[in-house]
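Listed below are the residues making up each chain.
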Amino acid sequence: MRHCPAIALSLGAVIQAGAASAACVPPDGAIALRSSGTETPVFFDMGTPLAPVSVPFAALLVLCNPADGELRDVTATMPAHGHGMNYRPTIRQDGAGAYRIDGLLFHMPGLWRIEAVLQAAGETRRYAAEVTAE
Amino acid sequence: MTGRALPALLMVLCLATGAGAEPPRLLLDPDEIAATLRHGPWPPPPPQDPSNRLSGNRDAISLGRILFTSPALSRDGATSCATCHRPDRMFQDGRATPAQARRLPRNSPALVDVAFNRWFGWDGRSDNLWSQSLLPLLNEEEMDMDFGRLKTAAGTAPWRPDYETLFGPLAYRSPEDVAIDISKALAAYQETLLSGPTPFDRFRDALAAGDLTAAAAYPEAAQRGLKLFIGRGNCALCHSGPRFTNGEFHDAAVGYFLPQGGVDPGRHRGLTLLRASPYTLDGSWSDDPDRTGAWAVRSVLDSHADFGRFRVPGLRNVARTAPYMHDGSLSTLGDVIAHYSTIDPERLHADGENILVPLGLSPADASDLEAFLRTIDSE
């Protein structure tokens, strides 16, 4: 299955992150979003490995270290078709370093690139990973 | 997932049916089977609309059925919803566009399964069925009423007692209340217009159950057409899920110039009308304190590509809803398939999605694709 490498990646990251910070216990099956600016990923948990098609869903975004920044935006685009989502998701803080994102809707099957924009101390960092909608 | 155990079974089936004359065959590979399963199951649980307190109410449904064919709701006293949404024609009219629609000529959509929509109208100007049902009552090219006339009409209509049983004395309802009451009863009725399972669904369910012998009874031409639909044709990118639509808006290279000049702005204008409407799921006329579903109108984004985009129609019972497209410009399913086969990329938005390309279907491919579409038929 196409999504397996991504999950393997995220499990690897969970172990790494776990070693780095005992407080960081990302949910099972969460996807690791990575940034070129740092080793530490942020975790994106849709509750399922494959995103649904054209059905709104929610996800949790978890930072390993709340000091990594504040979540400013979440977007998703389809690289193959050059379009994003038709809806702007809403972001709600859900504890330190944790956010609930509602109103995500992937309106086509295929590969979507999720990007989370975090801001810390005047610096903006973009974390990304690809997920499959099916 | 379910596809994983299938290759072995397929082998067995092929071996078992090896010799005899023309044994039924299953032509799909495991990935295609997995893709097929995503177009079901059907039917889904019946729709429920928390924004309409009359949703599922038997008295409202029977009043709605009467109102749907009631010419008392039109200024000319001769037009009803059923004029353009004929019960004997899947609740559409078989015309390219209604005779009286001149300003914005659009094809009358079939109303079967309409309650499952996220957006209503070709341009998605409504986010719920009752507000969409109010529009034709007020549109001067449809029933051409206003709130005051609707209340007056209710006063002398044969269905007044049924109305008052549901909503109380007419005298206590404002003209706007009456208009919304009527719209909600119409919506409650339209929610009951549901299609049943089709030969395609029996095929899909047999695959889901792993009954490959039953599945192989599905005609080979339809299987080949299905393979095109989910494969090379890319159809399932937009016509996805159990209703064969993603419910969103795309450019399928159908012209949007109007015969009288000007253009049909499609989704672009739909969004403007939606945002101006007091009757959305986020408005005070919704009966749902939780505002279920209002996230969509709150968070839907504008895109310059919305211009000339139209809602992807569902394809259930499509063989019985000709003519096709938002302007009714294609008369037969064969014409639609020829359109996708020879599509002119110049007619697509320059910043488009890189999905639609001329498919160059052979006559055999085209007839297979049509055979497949004809099996999504609940008759």
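Just so it is clear, the model here is predicted, and its values are computed rather than measured.

Once that is clear, we can look at the overall build of chain A. In terms of helices and strands, chain A carries one helix and nine strands. Secondary structure elements in chain A, listed N-terminal to C-terminal, are α-β-β-β-β-β-β-β-β-β. Across the 134 residues in chain A, those meeting the buried criterion constitute 48%. In chain A, 57% of the contacts between residues at least 6 apart in sequence involve partners at least 24 apart. If you sum the accessible surface of chain A, you get close to 6,100 Å²; carbon and sulfur atoms cover 54% of it.

In terms of regular secondary structure, chain B is built from 16 helices and two strands. Taking all 379 residues of chain B together, 51% fall into the buried category. Excluding contacts between residues fewer than 6 apart, the proportion of contacts in chain B whose partners are at least 24 apart in sequence is 71%. Carbon together with sulfur atoms contributes 56% to the accessible area of chain B, which is approximately 16,900 Å² in total.

This part takes up the interface of chain A and chain B. Each partner contributes residues to the interface: chain A has 19 residues there, and chain B has 21 residues. Across the interface of chain A and chain B, roughly 1,700 Å² is buried in total on both sides, 59% from carbon and sulfur atoms. A salt bridge links B:R38 to A:E134; the shortest N-O distance between them is 3.1 Å. At the junction of chain A with chain B, the criterion picks out eleven residue pairs in polar contact (both at pLDDT 80 or more). Taken together, the residues of the side of chain A that touches chain B sort by class into ten nonpolar, seven polar and two charged.

By convention, interface size is frequently given as the accessible area that disappears when the constituent parts associate. Residues and elements named next belong to chain B. In terms of domains, chain B is made up of domain 1 (25–43 + 196–277 + 298–378) and domain 2 (58–191). Each of domain 1 and domain 2 was reduced to a C-alpha centroid, and the two centroids are 28 Å apart. Between domain 1 and domain 2, the residue contacts involve 30 residues of the former and 27 residues of the latter. Regarding the contact of domain 1 and domain 2, the summed buried area is about 2,300 Å², with carbon and sulfur atoms giving 53% of it. Connecting domain 1 to domain 2 are two salt bridges.

Quick look at the nonpolar core now. All names here are of chain B. Grouped together as the largest cluster of nonpolar side chains are 41 residues, with contacts concentrated most on L67, F68, L73, L137, W159, Y163 and I182. Of all the secondary-structure elements, those providing two or more residues to this core are helix 3 (58–68), helix 4 (81–84), helix 5 (129–138), helix 6 (147–156), helix 7 (160–167) and helix 8 (175–190). Considering each element in turn, this core owes the most residues, nine residues, to helix 8. The residues contacting F68, other than those within four sequence positions of it, are S80, C81, A82, H85, F91, L111, L186, Y189 and Q190. The next biggest cluster of nonpolar side chains, apart from the first, holds 35 residues, and it includes L26, L28, C235 and L369.

What follows covers helix 8 of chain B. Given a rise of 1.5 Å per residue, 16 residues ought to cover 22 Å, and the 23 Å separating the end C-alpha atoms of helix 8 of chain B matches this to within 8%. Most of helix 8 of chain B is tucked away, with 14 of its 16 residues classed as buried.

Here is what the cut-offs are and how they apply
Residues numbered from 1 in each chain as written. Chains lettered and ligands numbered in written order. Predicted model: local features only at pLDDT ≥ 70, side-chain atom pairs only at ≥ 80, totals over all residues. Heavy atoms only, no water. Helix = DSSP H or I, 4+ residues; strand = E, 2+ residues; numbered from the N terminus. Buried < 20%, exposed > 50% of the residue type's maximum accessible area, 1.4 Å probe, protein only. Contact = heavy atoms within 4.5 Å. Areas by Shrake-Rupley, 256 points an atom, 1.4 Å probe, with all protein chains shown as cover. Buried area = accessible area lost by both parts, 1.4 Å probe. Salt bridge = Lys/Arg side-chain N within 4 Å of Asp/Glu carboxyl O. Polar contact = N/O pair within 3.5 Å; in protein donor to acceptor, adjacent residues only side chain to side chain. Nonpolar A, V, L, I, M, F, W, Y, C, P; charged D, E, K, R; others polar. Domains from an automatic or database assignment. Core = buried A, V, L, I, M, F, W, Y, C linked by side-chain atoms within 4.5 Å. Expected span 1.5 Å × (residues − 1).

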